[in-house]
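# Observations on chain architecture
Chain by chain, the residues:
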Amino acid sequence: MAAAIGLCLWASAMMPWAELDMNVDNLPHTFKLLHIEPVGKALGEIYGGSADKHKTHLESQKAEGKKGEYVYSLAIGLALLGAAIAIAAIGSADDEEKMTLPEKK
Amino acid sequence: MTDQKTVITLLCERAADVDGICDKAGNCTTVDGLKVVKLPCSGMVQPLMIEGAFKAGASGVIVTGCQIGDCYYREGNRMIRERLLGERTPGLKKTVERRRVLALWLSRLQRGKFEAEAKEFVAYIKGLEPLAAAPAAAPKPAPAAKPAAPAVAPSEDKKEDAKAAIESKPTAETTPADADKAAEAKVDAATTSGDKPAEEKKAEESKAEEKKD
Amino acid sequence: MKTNIWTQIFLVTEDLLNKISTSKYNPLYYHGALPQFIMYILFLSGLLLFAYYVPTIDNAYFSKNLVNAYTSVAYITNDIPFGAVIRAVHRYAGDAMVVAILIHMVRVWFTDRYRQYRWVQWESGIVLLLMVLFIGQTGYYLIWDERSLLLTRMTVSALEVVPVIGEPLRNWFLNGRTISNLTLSNFLFIHIGLSFSLLFALWIHYVRMSRPVITPPPALNYILMTIIFAVVYFFPITATKIADLNSQPTSMDIDVFFLLPYAVLGALGTTGFWISMILITAALCLIPYPFTNKKPVESAEVVDSKCTGCSFCFKDCPFQAIEMVPAPAGSRFKLLATVKPYRCSGCGVCVGACAFDAIDLPNLLDSDVNEKIKQLANSQSA
Ligand code: HEM
Ligand code: SF4
Ligand code: SF4
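Residues numbered from 1 in each chain as written. Chains lettered and ligands numbered in written order. Predicted model: local features only at pLDDT ≥ 70, side-chain atom pairs only at ≥ 80, totals over all residues. Heavy atoms only, no water.

### Structural notes on the environment of Val73(C)
Residues and elements named next belong to chain C. Following the sequence through the fold, Val73 ends up in helix 3 (residues 69–78). Taking relative accessible area as the criterion, Val73 reaches 9% and is therefore assigned buried. Residues Val73 and Pro55, spaced 18 residues apart in sequence, show a C-alpha to C-alpha distance of 10.0 Å. (Helix = DSSP H or I, 4+ residues; strand = E, 2+ residues; numbered from the N terminus. Buried < 20%, exposed > 50% of the residue type's maximum accessible area, 1.4 Å probe, protein only.)

Right, dumping it as structure tokens:
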């Protein structure tokens, strides 16, 4: 459960980093306007290490377009997976093979 | 008769496979006092059948259908499930003791679980005080003889029933284990207060019958 | 109840999935809803692609650079934000649709949910399957790379041999006698038009089912999307070569989900292709009609004199087999329930719904059930 939520959050935060094409050196203006450049840099620190792995994989697969977008796709997939596991863990509690009846008032 | 504890199972023939543990007549050979009536689908179970079982002297009823989501006839088990919970008309009469009814949703392969749950339930029922209000001789309403009733009165009555059930849902969490303790307490109460509850029940029942006719 | 090896396989997998995910999230219990959900993914991603797609084969806009179907697809892939990803999602969701439909089909078949009163669902399902497969193929024409050209030529060769209507068929398909600027607009029309016609076919598919289960729980939808997004990452769509009308490509990659018929066409030639396609379709359509051992369903019967017209049975019947008609003159009630025997499954849900004992299964009267209950309740315990 905690792991699932963790996965969801970790992958969600990965999405903006992937959308920046895995590169936080030149943050877009929005970051400056909102004064959240440190957030951008922090993302770079957390996820930056995997950038090369993603790039080599995608290049070996001859992926077209920006590579970051594929990583984004992976991130949103993982976020959804985490969410799904968490939801199912909560939801399956009221699954029933055995059902007792509510007492009448 | 009242000391004899029979539990009737109304079973979908596609749900948990009990062929190995039942004789042809419907007596379960491994769980004492468990009888099985097979139906093509648990959706065929009428609340009237459950009431009839109690009137005929049964002390508990188990409704068994397939896993929710897997009804061969698409929706049968959902229908009876909602009827039992009072979310769909027709539902059970107020007079039926809810703790004496158990529903199991088990796939064909889950005979073991069926047996275990049934055993537990039979034991639980054996611990309850006998159903005083239901002498075996009580005349079962003969369906064929009953004239058709006006639709409005009973259905309205039932809607209220359903509403009440929905409102009472939050209290539904009691498991047989919890209920067991409650039951013990009740036995004490019953021995001191005589069979007043039974009389009340009868009065209510006859009122309901009147309304119908 | 007897079970054969096939139903047993499903029972065991089902049980396993119930243990892992509980019945509330068992994907097998949403076998029909999952393809329906994938269809929405396809509609949405398709709409995004449609916004930039140009259905011609040469310069439609008289600009300096070539703008045609192929270059517009390349533009989507390389320049539109997330274009490549959306393209891949659209393609892989299409593949997922076929997989989901096949699981759905095999499940209803192996668990005996396809015959008799369900024949409309089965036959309309075959139509849906053929439509989906054809829509997928037209999707591959639209890219207008070498493979599209080869597929188009192969299709033309197959259409031309159809007796009598072969030539009109070809002219319809190409939107003219030869491949021209108008051809791709026809392909796009077929691709999108048939996609929306799916909704009509689905209406027929559902018409005999009350409350069809068409929305999987969100958790399952998410997992499905995870799979699609992961495939997009691990197997991105790669660049192909633009179609050149003056050359004849001879080989191509086969998408096993949509392009298998072309492998058949390549292997068997046009006549063999048509014969095998017709045989396979006919066999699929005939599956619900085994010629032996057909136990007819005994449909429910209303006891007219007892029915109060309360409509409970009508609401609860899972197969839309009950119709409420005006009660005959002289009745105290407004409505009367009637059973359409050809739709009835004999499930008895209506019996459970009737508080007036007014509807019965002829082979298992509820009075008999009540009698049995009474007798068992009274008998000495064994
Ligand atoms: C676009 C593809 C399809 C979609 C979206 C779809 C969807 C559905 C849905 C939602 C149901 C209702 C399930 C329920 O609520 O019980 C259903 C039932 C059914 N489908 Fe499909 N279906 C598709 C294709 C097919 C195909 C290809 C076949 C078989 C050839 C098929 C055969 C059936 C049958 C026999 C039923 C009745 C099952 C039952 O009554 O339990 N369907 N379908
Ligand atoms: S539930 Fe019974 S009384 Fe009501 S309409 Fe159906 S058959 Fe008639
Ligand atoms: S038995 Fe009753 S509920 Fe079942 S399909 Fe027939 S009419 Fe409908």
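### Quick look at helix 4 (residues 51–60) of chain A
Residues and elements named next belong to chain A. Within helix 4, burial applies to Ala51, His54, His57 and Leu58. Down the axis of helix 4, the buried set is contained in an arc of 135°. They therefore lie on one face. Turned more than 90 degrees away from the buried face of helix 4 sit Asp52, Lys53, Thr56, Glu59 and Ser60, all of them exposed. A positive phi of about 60° marks Lys62, the residue just after helix 4. (Arc of directions from axis to C-beta.)

### Remarks on the packing of helix 6 (residues 146–160) of chain C against helix 7 (residues 166–174) of chain C
In a pair of packed helices, the angle between the axes and the distance between the axes together describe the arrangement. Residues and elements named next belong to chain C. Their axes nearest at 8 Å, the elements helix 6 and helix 7 cross at an angle of 155°. Comparing the axis directions of helix 6 and helix 7 gives the class roughly antiparallel. In this structure, helix 6 uses Thr152, Thr155, Val156, Leu159 and Glu160 to contact helix 7, whose residues at the interface are Gly166, Leu169, Arg170, Phe173 and Leu174. Grouping the amino acids of the contact of helix 6 with helix 7 by side-chain chemistry returns 5 nonpolar, 3 polar and 2 charged. (Axes fitted to C-alpha atoms, helices over the stretch in contact; angles between N-to-C directions. Parallel < 35°, antiparallel > 145°, perpendicular 65-115°, else oblique. Contact = heavy atoms within 4.5 Å. Nonpolar A, V, L, I, M, F, W, Y, C, P; charged D, E, K, R; others polar.)

### Remarks on the coordination of the iron atom of ligand 1
Residue and element names in this part refer to chain C. Those protein atoms acting as donors to the iron atom of ligand 1 are His104 (NE2) and His205 (NE2), and they sit at 2.0 Å. One way to put it: the 6 donor atoms around the iron atom of ligand 1 meet at angles of 87 to 179°, and that makes the site octahedral. With His104 in helix 4 (residues 83–110) and His205 in helix 8 (residues 181–206), this residue pair connects regions lying 101 residues apart in the sequence. His205 matches His104 in its accessibility class, with the two residues each being buried. (Donors = N, O, S within 2.8 Å, 3.2 Å for Na, K, Ca; no water. Tetrahedral: all angles 85-135°; square planar, octahedral: opposite > 155°, others 65-115°.)

### Looking at the interface of chain B and chain C
The interface of chain B with chain C comprises 62 residues on the first partner and 57 residues on the second. Here chain B packs against chain C, burying approximately 5,000 Å² in sum over the two surfaces, 56% of which is carbon and sulfur. Joining chain B to chain C, the criterion identifies 5 salt bridges. Two residues, Arg211(C) and Glu75(B), come together in a salt bridge whose shortest N-O distance is 2.8 Å. Remark: the boundary between chain B and chain C carries 18 residue pairs in polar contact (both at pLDDT 80 or more). Contributing elements (two or more residues each) for the side of chain B that touches chain C: strand 1 (7–12), strand 2 (34–39), helix 1 (47–55), helix 2 (76–85) and helix 4 (152–167) of chain B. (Buried area = accessible area lost by both parts, 1.4 Å probe. Salt bridge = Lys/Arg side-chain N within 4 Å of Asp/Glu carboxyl O. Polar contact = N/O pair within 3.5 Å; in protein donor to acceptor, adjacent residues only side chain to side chain.)

### Observations regarding the domain arrangement of chain C
Residue and element names in this part refer to chain C. Along its sequence, chain C is carved into domain 1 (31–286) and domain 2 (301–378). Once you take the C-alpha centre of each, domain 1 and domain 2 turn out to be 46 Å apart. Tallying the contact residues gives 7 residues for domain 1 and 10 residues for domain 2. Between domain 1 and domain 2, roughly 760 Å² of surface is buried when both sides are summed, and carbon and sulfur atoms account for 43% of that area. By the criterion of area lost to domain 2, the three top residues of domain 1 are Tyr117, Arg208 and Ser210, representing 69% of everything that side buries. Between the two partners, domain 1 and domain 2, sit 5 residue pairs in polar contact (both at pLDDT 80 or more). (Domains from an automatic or database assignment.)

### Considering the interface of chain A and chain C
How big an interface is tends to be stated in terms of the accessible area lost upon association of its parts. Across the contact, 27 residues belong to chain A and 28 residues belong to chain C. Carbon and sulfur atoms supply 67% of the area that chain A and chain C bury against each other, a total of about 2,400 Å² over both sides. Sorting the residues of chain A by area buried against chain C places Glu64(A), Glu69(A) and Tyr70(A) first, and these three jointly supply 26% of that buried surface. The tally of links between chain A and chain C comes to 0 salt bridges. The tally of links from chain A across to chain C stands at 9 residue pairs in polar contact (both at pLDDT 80 or more). Taken together, the elements giving at least two residues each to the side of chain A that touches chain C come down to helix 4 and helix 5 (67–91) of chain A. If one sorts the elements of the side of chain A that touches chain C by residue count, helix 5 of chain A sits on top with 15 residues. Across the side of chain A that touches chain C, the residue classes break down as 13 nonpolar, 8 polar and 6 charged.

### A look at the side chain of Thr183(C)
All names here are of chain C. Structurally, Thr183 can be placed in helix 8. Among the polar contacts made by the side chain of Thr183, one reaches the main-chain carbonyl oxygen of Leu174 at a distance of 2.9 Å. Apart from the residues within four sequence positions on either side, Thr183 is in contact with Phe173, Leu174, Asn175 and Thr178.

### Remarks on the side chain of Asn77(B)
Residues and elements named next belong to chain B. Counting through the fold element by element, Asn77 comes out in helix 2. When its relative accessible area of 1% is taken as the criterion, Asn77 is described as buried. Those residues within four positions of Asn77 in sequence are excluded, and the remaining contacts are Ser42, Gly43, Cys66, Gln67, Ile68, Gly69, Cys71 and Trp105.

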